[in-house]
Every structure is written in C-alpha cells, then in structure tokens.
Number of protein chains: 2
Amino acid sequence: MEQVRADVCVVGAGFAGLAAARRLVQAGHEVVVVEARDRVGGRVWNRELPDGTVVSAGGTWLGKGQDRMFQLCRELGLEVYRQYEQGDHLLRLDGVNHRYHGALPATGPKTLFALGLALARLQLMTRRLPADAPWSARGARAWDARTLGQWLSDPRNVPSATARTLLGSTMNLLFCADPAEVSLLGALTLARGGGGFGYYTDTGKTESHLVDGGAPEVARRMAAQLGPRVHLSSPVARIAHDATGIEVVSPSLSVRAQRVIVATPPVLAGRITFDPPLPTRYSHLLQRVVPGAIIRVHTVYPQPFWREQRLSGQTLAPGSPVPVTIDQTPRSGRPGVLSSYAFSTGALHLGRLDPARRREIWLDALTERFGPEARHPAQYLETDWSSQQWSLGGMIGHFPPGTLTNYGSALREPAGRIHWASTESATLMHGLMEGAVRSGERAAQEVLVALSRARHAAALPDRSP
Amino acid sequence: MEQVRADVCVVGAGFAGLAAARRLVQAGHEVVVVEARDRVGGRVWNRELPDGTVVSAGGTWLGKGQDRMFQLCRELGLEVYRQYEQGDHLLRLDGVNHRYHGALPATGPKTLFALGLALARLQLMTRRLPADAPWSARGARAWDARTLGQWLSDPRNVPSATARTLLGSTMNLLFCADPAEVSLLGALTLARGGGGFGYYTDTGKTESHLVDGGAPEVARRMAAQLGPRVHLSSPVARIAHDATGIEVVSPSLSVRAQRVIVATPPVLAGRITFDPPLPTRYSHLLQRVVPGAIIRVHTVYPQPFWREQRLSGQTLAPGSPVPVTIDQTPRSGRPGVLSSYAFSTGALHLGRLDPARRREIWLDALTERFGPEARHPAQYLETDWSSQQWSLGGMIGHFPPGTLTNYGSALREPAGRIHWASTESATLMHGLMEGAVRSGERAAQEVLVALSRARHAAALPDRSP
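Only a predicted model underlies this, so the values are computations on that prediction, with no experimental measurement involved.

Participant: Describe the packing of aromatic side chains, listing the residues and the values that go with them.
Facilitator: Summed over all chains, the structure comprises 18 aromatic pairs over all chains. Aromatic ring contacts, followed pair by pair, group Tyr301(A), Phe305(A), Trp306(A) and Phe370(A) into a single cluster. One Lys or Arg, Arg307(A), reaches over the ring of Tyr84(A) and ends 3.6 Å from the middle of that ring. Cation over ring: Arg359(B) sits above Tyr380(B), and NZ or CZ is 4.8 Å from the ring centre.

The following block contains the structure:
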C-alpha cells in the first residue's frame, strides 16, 4: 500500500473537495485528495453517448447569485451560455397540455392565488431561520416534528387541490424524495440558502446558464491544476484520528496528515469507519441525512424539433411517470438533446421494471407532450443515481424530521481534526454546485486557521509549568 | 483468506441469525454463520464487572406472549425467574417523588383520563394495520407523513400537559429516539406487533421474567450447538449474488452458498456492499431504518437497599437526565444491581461530557430518587450502544416518516437469493428478542422452501424445448 504524507487530506473529489483542496494549495499547503470513483466531479458527471455526444448527467446548470461558480468558470477559462428559453413551457394536467411562458404555470386564478399564498407562508417561516443555525429559530422544534408532505397536503396551507398537486410535484423534484420524508424545518433550511423557495422553484433563476463543455469540465480543470495530488479509485474505508494527526486509509493508499476534510455526501461519510468512533451526534447525523432517488434520461434527436413547435422543451407533468423535461441541446444547436426525469417513488417504480418496458413508458410520456417525433430518439441514455455505488441515491441528502434540531450542530462543527464539506452543509445555495464549492472553501478556511494556530503554538515558548 | 462452502450463509450471530441457523441445521442443511463482533448475541450482551458480577447490558427481560423465547430457554436448559416487583414504583415529577404500584402512574385523575384517551386513540389506529403490510392500511399514507412527536404534542390527542410529558418520556424510552424522528405509522407498526402500545408500555407485561445467567446465555448456548459453524470477528464487507449462488466476503473468510440470510440491524446491512447493487427500494430502506441512542449504567451496591425502603427499583422521571431505572439484582439477591438509562438526545448530551462529570450527574439523578446510599456504588459500568461499532446506536431501528409507505415492501421480501431477518422486520413482538427469533425462523422457513424447490427442479427431467 502506498503511504503518503501531507498537511491536509481531502476525502472526495466532488466540487466541495476540489474547491477545498484548491484553496489549501493556493495557501501553500501539501494536500492529498482521495476519491472513490475513477473520475472527479462527484454528483456532476459528463457521459459520452455512442455517437460522441457528451451529456451532463448530474449537476448541470448555473443561475442567479451563484457567484463562486461563475467566477470559477472565468478562472478556469470556461465560457458560459444561456439556457434555451424561447417558446412556451408546457404544463400537462389531467391529460391536457397547457402552454405558458415565464415562471407561473398555466393554471386558473384560484390555483395561482393558492400557490402565491403557500409560497408566502413558507417564506414567512423561512425568513425566521438563522442561516447558520436554523435549529435555533423560534418554532424550530415544532417545524422539525412535521413533514413537508403533511404541510403541503393541508388545505389550510394550500387552499386548492391543483396547487397542492403542483407544489407536491415541485418538492418531489427539489428533494428527489417524497415530501413525507422531509422535515418541514429541513425543507425551509434548503430554501433559506437561496433566499426562499421562490428561488429554487424558478428555473429562470436557478437554471439560467450552462457551462460550455458541461459543468463537469469545471471539476476536470480544477483536478488538472491539482495534478498528482488527486488519487482516483481509492475508496476511503477508515479514518484514524488522535491528538497528533489523522490517518486516512483506502485499499491502495494511506495518507497521514494534520487535518482531514471529509467532502463526500453525508450518506457516504457515514459508511467510513472512524477510529475512535465519532461522537454520537456526528454519527447519527451522517446516518440520517439520506438521499432520494432520481433517474435521468437523455434522448437525442437529429435536431431540437420541439423548438420548431415554439416549445422551450421545459415541461411539468404531475402524475406522469416522467414529470419533468428540459432542453439540454449543446451550444452548437445540434443534435437535439432532451433531458427528462423520474423522481422519488416514481423512480423506484420505474427502476423495478425491465429496461425495455421502462424505455417504452418513458418514451410514451415524452410523446404525450412533444408528439410522435419524441418516440424515436437516435440515442437513449439512462442514469439511475441510486445504483451508483458512490452516490447511493440522488441528487441531495435531505433532513428527515428531528434531524436538524437534535443533530444539526454536527453539520459543520469540526470533530477534532475532522472537518466537513458537502452541499448539504452549505448555508448558501444548499444542494447546488455553488453550495458545494462554498462549503469546500469554508472548510478549507477552518483548516487554514487551525494550521496557522498550530504553527504559532509550536513557535511560541512553552509557558505551561 | 479461508474459503468455505455451505447451503446457506447467515450474516450476524444475534438472536435472529442464531435462530435462523439453528432451524436450518435442524433441517439438515450446511450452514455458516459470519459475525462481525468477537462474541455472539448482538444487541444482547453480558458484561463482567471487576468484582465478577455479570450484568446483561442489552436485551434482558422476557414477558407475556414471548412464547418462542420461553420455549428456547426450556430447550436450552435455562431457567427463568420473575422480575422483582415488590414495593412501590416511583414517579418523579417536578422535583417530587410519588410512590405507586401497578401499571398506572401516580398522577391525578385528569392525567390518567388523558393517558387512557390517548392510548385508546392510538389503539384504534393500530388495529387497522395488517400485521404483515401496515403500509397498506386505510389512512397509512397520512399517518406516515406525520411524526409520533407531533401527534403526542397535540392537546387534541392528549388533553393534559402531564400526560403529554409522560407519554413523550415513554416513547423516548421505547424508540430511544426523539418521537419527532419517528413516523406515526412506524410507531403504530411497532405497537401492532404486541397487540397495542399497552403491551409495550406495561413493564409488568414486557419485562416480567429474567433468564438465569442472563439473556445472553440463550445466545451462547444456541452458538454452542452450532459449534464451528459460527465464525466470529468476521465483519462482512461484500455480498456478491447472481443466478448461480451468493458469495459472502469478510477480511478473513469467504463463503459460497445457495442463499444468504442477512440477520443484522438494518443500519449495518446498509453498510455492506452488494454486488450487483440491491434494487433501490432495498438500499433506501436500509439507509432509513436508523437506531436511536441509549446509555445504560449498572450501579452495584452490597445489597438492593431500595428493597428495604419498600421500593421496587423501578422509577420514571421525565425531565431527568436519567429518566428510567429498574432493579436488575441477580436471582441470588446479592449484590444489589440497579440498571438506569439515558435515551435519545438525553444520551447524546451526556455522551458529550467528560466521564467524571457524566458519572456525577448520573449518581445525582439516582440519589434524588433512592437517597444518599445510591450515590456511592461499589461498581459503576456504562454501556453506550452508539459507540459500539457493530451497533451504531440502540436499541432498535425506527421508521422515519415516509419509510414504510415507500419502501416497506422491501422489509421482508427476499431480493433474489438474499433473505432478511432482524427484530425490525418482525411482524410480532417487533423490537424484542422474541421478534428477532421469530424473524430468524421466518427467514429460515423461506430458505427451506426455496432450497426444496431448487432440489425438485434439479431432480425433474427438463421439459423445456
């Protein structure tokens, strides 16, 4: 087994880990990054189709206020371009397609009023949360004892059946989980990071831009700068820690360092053996922040034929097995790429079918919205994040009831020499690539302060008796 | 690495795994049991104090209707004896100790009325659950979108503040978790297995008997019968499975078999790498059924001095850091052993303190209820189940909201050649040793049927064209 020494070991070469490592290297430290997969990027992943088309199958879009991501792209020489948003979006309800434009769906006034009312009510609660300690808000305990699903299904909160359907579908999309699994406080905590649910539910805000070459290119270039410091195919099994330092062990590599930044999704950090065991609030938090399920399909056509029908490619169809689609055609405009999604229990049910049957159902759903041309894609690529050993679900970990109020303090607080990064631990832009980068830089900053203190302490004469 | 072949491999030598293995061996099959710890018994564990006193630090009591456990004791030549229940129980509320006897606490009529009302309401819901598929009950989705904590804190359900405090404390004890973490449907599912919460909340029913030598002696004798089939200190890292069989791999041992019974708590089964990965509903279920936290302390005194004060040793003190105590004096009557507990977030907080401070708080709490003699035990032994690598919490896994309705079908349904046992998967006496044994025997039965079918299929002439 290869043995390496460094100042800091970073576990995970997703956006959080790479951003942390980059900052530490810039500050002059020896850093080793240990990654389980045979690639960098984590939940951001470029896949190549047989015809050579490259599609981003994980985190893909940038949006308003995601300053660190836009800045990273500039620093790494990557261009960004606007998401195709011409033409109409589609809302499919009760078997009928409704065209609309802008952020508000094509529904009657009663539904729109109820949606506005519900979002305003959620916003009132969201604003009461301190960004760095939502569990300390007035009312936090009661909100953490409720589920988002229960809140949404209460007509007193959302006084229209259609609005309840629409909001339920949107929350399914945001968390890739049944809202019944998500704590109301946990949901508000995500919303808090973008200034409210209004940010996360408006693709015009969150998904306005794409990276030329795909968002995974950002990770690839960060990793290229780190060079041989990044060790792939090295799943960390064990982290030993004591007062003198830490040791990070994978089957092929052992790293001794002063500090470690664990920059994996919580569910994977919870599978690492810590020696001695972590204090209970840490291990129980890592057990509880679990991901949902998502299957994403890319269908490729000679050209984006929906654009000729004056459709944007963006559709929402609550109740359909494939409730969401969006145009993901490359910048060149050819071939036409449609990205479509199944979430949560919908993804579970589809995942149980045999592949031919699943493909049939999937293409039926697209055909209902885009016409017969949608039924015969030149390429069809499925990405089921739950079957990925180093994800175990997608796209983000959510907070089940009772998690934040009982264990939330362990989300970012270092456990001795162990620091934490992940988009789940971000206070701003939680759940997005932007949150991951910010969490990595925050953890790097903690480590820089700790290393600098240790250096000063070593340089000072010992004043203890 | 040692390579072994068998008909069936059982992962985990707790009560579920041992009971399964025993049944399979009795039916004439080759069985190998692979256990991570250096002992059998799992969550049932005898610990020895420096003075030679042996105390049961996990599952300890037997009770009404636990027929398989009583029968096992007879078969293994183990005597059972009654729990000491003479004298009064104590209820400590608002700084005052109240003596009482029987199952009903010493509170005023309004509190008792509210308790009766709440338990009757829970019972009405419980009775609607099919034992083997609680997720299919009418109303199940709505109950699974609520938490037990929210239900209990609603004055419309429990119309007395003291009753809410008492019920909250009792549920904390039952799940070792904040009721805000537990799905209402999940809680009812546990209750269903004993005929209602009335069973689980009445220690006169659930904890009426002890095993001479301690409950762990049942596991030790089952393991002795299995002999060299049981391999200790062999944590399973990987289970490969295909149409021809399964392979179970630990660092020291590899077992090839026709079938595997995974008989660990769900949280540990979720840490095994399955190759190919399990279908999502299984992996997501295993991620979600997480344990709570419990610290149990045994304090040993020359004699059970509380008996002289006409106290049973059983106390309940909601709000105290040590809310529960019970007499655990051995059958001989000497020395006096008191077992006391901290649960859930209370255990988390105590766990963060330094050991001397924790001991001080703990003995203060006992002294308030038992007088100054309690402050100076001859022995003091802590068992923190969350710090046990092969438990990661205690005492049982609970169902968070949305788990049973979305993933419940994966609880007992075999995944190909992989079968499941654990007290969490029991339909009767869920969460108890009795449930573990029943779940193991149920899984063994499934395997017997599958092996017998395979044998018949092999013996028949091939009729396929």
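Having put the structure on the table, let's press on.
Participant: Go over the relation of the copies chain A and chain B, please, and point to the residues and values.
Facilitator: In the superposition of chain A on chain B (RMSD 0.0 Å, axial shift 0.0 Å), the rotation amounts to 180 degrees. Both copies are brought into coincidence by an operation consistent with a two-fold rotation axis. Here 100% of the interface residues in chain A have copies in chain B that are interface residues too; the copies meet face to matching face.

Participant: Please set out the pairing of strand β13 (residues 245-249) of chain A residue by residue, giving values where relevant.
Facilitator: Residue and element names in this part refer to chain A. For β13, a buried count of 4 out of 5 residues is recorded, marking the element as mostly surrounded by other parts of the structure. Taking the residues that link successive antiparallel strands as the turn, the strand β12 (residues 238-242)-β13 hairpin has 2 residues. By the bridge criterion, 4 bridges tie β13 to strand β14 (residues 253-257) in an arrangement that is antiparallel. Bridge assignment links Val 249 to a residue of β14, and that residue is Ser 254. Here β13 folds back onto β14, and the loop between the two strands holds 3 residues.

Participant: Outline the pattern of salt bridges, supporting the account with residue identities and numerical values.
Facilitator: By the definition in use, this model includes 44 salt bridges over all chains. Arg141(A) is the salt-bridge partner of Asp178(B), the closest N and O atoms lying 3.4 Å from each other. With one member in each of two chains, Asp178(B) in the loop between α6 (161-175) and α7 (184-192) and Arg141(A) in helix α4 (residues 140-144) form a pair that bridges those chains. Arg238(B) is the partner of Asp275(B) in a salt bridge, and the nearest nitrogen-oxygen pair spans 2.9 Å. Remark: Arg238(B) occurs in strand β12 (residues 238-242) and Asp275(B) occurs in strand β16 (residues 273-275); sequence separation between them is 37 residues. In this structure Asp275(B) comes out as partly exposed when scored by relative accessible area, which is 35%.

Participant: Report on the domain arrangement of chain A, specifying residues and quantitative values.
Facilitator: Residues and elements named next belong to chain A. Taken domain by domain, chain A holds domain 1 (2-42 + 215-289 + 399-459), domain 2 (80-103 + 290-398) and domain 3 (111-196). Taking only C-alpha atoms into account, the centre of domain 1 sits 30 Å from that of domain 3. On the domain 3 side, the residues contacting the 15 residues of domain 1 number 18 residues. In total, domain 1 and domain 3 occlude about 1300 Å² of area from one another, counting both sides; carbon and sulfur atoms represent 60% of this. Interface area lost by domain 1 to domain 3 is led by Pro 401, Leu 404 and Thr 405, which between them contribute 41%.

Participant: Any chance you could break down the sheet that holds strand β7 (residues 80-82) of chain A for me, citing the residues and the numbers?
Facilitator: Residue and element names in this part refer to chain A. Across the sheet, which stays open at both edges, the 3 strands sit in the order β6-β10-β7 with antiparallel pairing between neighbours. The two strands at the open ends of the sheet, each matched to only one other strand, are β6 (61-62) and β7. As defined by bridge partners, β7 adjoins strand β10 (residues 209-211) across 3 bridges and the pair is classed as antiparallel. Looking at the pairing, Arg 82 lines up with His 209 of β10.

Participant: Can you lay out the UniProt feature "domain: Amine oxidase" (unreviewed entry) in chain A for me, pointing to particular residues and giving the numbers?
Facilitator: Using the residue numbers shown here, the UniProt feature "domain: Amine oxidase" (unreviewed entry) corresponds to residues 15-448 of chain A. Taken end to end, residues 15-448 of chain A is 36% helix and 22% strand, and its first and last C-alpha atoms sit 19 Å apart.

Participant: Which residues make up the interface of chain A and chain B, and what values go with them?
Facilitator: Many authors give the size of an interface as the accessible area that is lost as the parts come together. Each side of the interface is counted separately: chain A has 39 residues, and chain B has 39 residues. Buried area between chain A and chain B, summed over both chains or domains, comes out near 3200 Å², and the portion from carbon and sulfur atoms is 48%. The three residues of chain A that bury the most area against chain B are Arg271(A), Gln287(A) and Leu348(A), which together make up 18% of that side's buried surface. Taken together, the connections running from chain A to chain B amount to 4 salt bridges. The residue Glu181(B) makes a salt bridge to Arg288(A) at a minimum N-O spacing of 2.7 Å. Counting across the chain A and chain B interface gives 21 residue pairs in polar contact (both at pLDDT 80 or more). Counting only elements with at least two residues in the side of chain A that touches chain B, the list comes to α4, α12 (280-288), β17 (290-292), α14 (344-352) and α16 (403-407) of chain A.

Participant: Could you give an account of unusual backbone geometry, with specific residues and numbers?
Facilitator: Going from Asp275(A) to Pro276(A), the amide bond is cis rather than trans, its omega being 0 degrees. With respect to the helices and strands, the residue Pro276(A) is situated in the loop between β16 (273-275) and α12. The peptide bond linking Gly394(A) to Met395(A) adopts the cis configuration, its omega dihedral lying at -25 degrees. Within the fold, Met395(A) resides in strand β23 (residues 394-398). Even without a glycine there, the phi angle at Ser233(A) is positive, about 50 degrees. Tracing the backbone shows Ser233(A) in the loop between β11 (230-231) and β12. For Arg310(B), which is not glycine, the phi torsion reads 55 degrees and is therefore positive.

Reading the values: rules and limits
- Residues numbered from 1 in each chain as written.
- Chains lettered and ligands numbered in written order.
- Predicted model: local features only at pLDDT ≥ 70, side-chain atom pairs only at ≥ 80, totals over all residues.
- Heavy atoms only, no water.
- Phe/Tyr/Trp six-rings, centres within 6.5 Å; stacked < 30°, edge-to-face > 60°.
- Lys NZ or Arg CZ within 6 Å of the ring centre and 35° of its normal.
- Least-squares fit on C-alpha atoms with pLDDT ≥ 70 in both.
- Contact = heavy atoms within 4.5 Å.
- Buried < 20%, exposed > 50% of the residue type's maximum accessible area, 1.4 Å probe, protein only.
- Helix = DSSP H or I, 4+ residues; strand = E, 2+ residues; numbered from the N terminus.
- Pairing = 2+ DSSP bridges.
- Salt bridge = Lys/Arg side-chain N within 4 Å of Asp/Glu carboxyl O.
- Domains from an automatic or database assignment.
- Buried area = accessible area lost by both parts, 1.4 Å probe.
- UniProt positions renumbered as here; feature names shortened; annotations may be inferred.
- Polar contact = N/O pair within 3.5 Å; in protein donor to acceptor, adjacent residues only side chain to side chain.

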